[in-house]
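Fold and geometry: a report
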Amino acid sequence: ETAIDELTGDIERLTAEIAALEVGIKELDKSVAEATEQRKKENSEYKELMQSDTAAKEVLGFAKNRLQKFYNPKLYKAAPKREL
């Protein structure tokens with residue numbers, strides 16, 4: 001009977017450990033899902049920032065070229081003709 005009691009105790013202990021591990025896994029899954037969502041949001045914000053930076057660089061390029069026309073005509077690059 002002592003061996004049965006020991007094995008029963010071991011089974012109960014292992015069952016409790018398994019339950020604790022399952023809870024830990026669920027918490028970890030939740031944490032991973034939250035981190036994934038945060039990374040997606042940050043990536044979206046980064047892409048938006050890069051688009052606005054690119055647009056700003058283009059505007060600065062146009063402005064710089066326009067200033068070249070006035071201050072240094074040799075470096076001015078005429079805009080290509082657009083057909084409507």
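Structure: above.
Because the structure is a prediction, the values reported are computed rather than measured.

Reading guide: rules and limits
- In this numbering scheme, every chain counts its residues from 1 along its sequence in written order.
- Thresholds applied to this predicted model are a pLDDT of at least 70 for local features of residues and 80 or more for the giving and counting of side-chain atom pairs; totals over whole chains, interfaces and linings are not thresholded and use all residues.
- Excluding hydrogens and water, the side-chain values take into account all heavy atoms of the structure.
- When a carboxyl oxygen of Asp or Glu is within 4 Å of a side-chain nitrogen of Lys or Arg, the pair counts as a salt bridge.
- Numbering of helices and strands starts at the N terminus; helices are DSSP runs of H or I of at least 4 residues and strands are runs of E of at least 2.
- Three labels apply to residues, based on accessible area from a 1.4 Å probe with only protein chains included: buried if under 20% of the type maximum, exposed if over 50%, partly exposed otherwise in between.
- Pairing of aromatic side chains here covers Phe, Tyr and the six-membered ring of Trp, requires ring centres within 6.5 Å, and sorts the geometry by plane angle: under 30 degrees stacked, over 60 edge-to-face, intermediate tilted.

Further remarks concern the pattern of salt bridges. Tallied over the full model, the rule gives two salt bridges. Residues Arg 13 and Asp 10 are paired through a salt bridge, measuring 3.8 Å at the closest nitrogen-oxygen approach. Of this pair, Arg 13 and Asp 10 both sit in helix H1 (residues 2-71), separated by three residues, roughly a single helical turn. For Arg 13, the salt bridge identified is with Glu 17, shortest N-O distance 3.1 Å. Residue Arg 13 and its partner Glu 17 are located together in helix H1, separated by four residues, close to a single helical turn. By relative accessible area, which is 39% here, Glu 17 ends up partly exposed. Three or more residues are tied together by salt bridges with common partners; here these are Asp 10, Arg 13 and Glu 17.

For the rest of this paragraph, the subject is the packing of aromatic side chains. Enumeration over the complete set of coordinates arrives at one aromatic pair. With a centroid separation of 4.8 Å and an interplanar angle of 90 degrees, the aromatic rings of Phe 70 and Tyr 71 are classed as edge-to-face. Taking the relative accessible area as the measure of exposure, Phe 70 reaches 64% and is therefore exposed. By relative accessible area, which is 62% here, Tyr 71 ends up exposed.

A word on the environment of Ser 31. Inspection of the secondary structure assignment puts Ser 31 in helix H1. The partly exposed category is assigned to Ser 31, whose relative accessible area is 39%. Between the C-alpha atom of Ser 31 and that of Asp 10, which follows or precedes it by 21 residues, the distance is 31 Å.

Without other data, these values stay purely geometric and don't point to any function.
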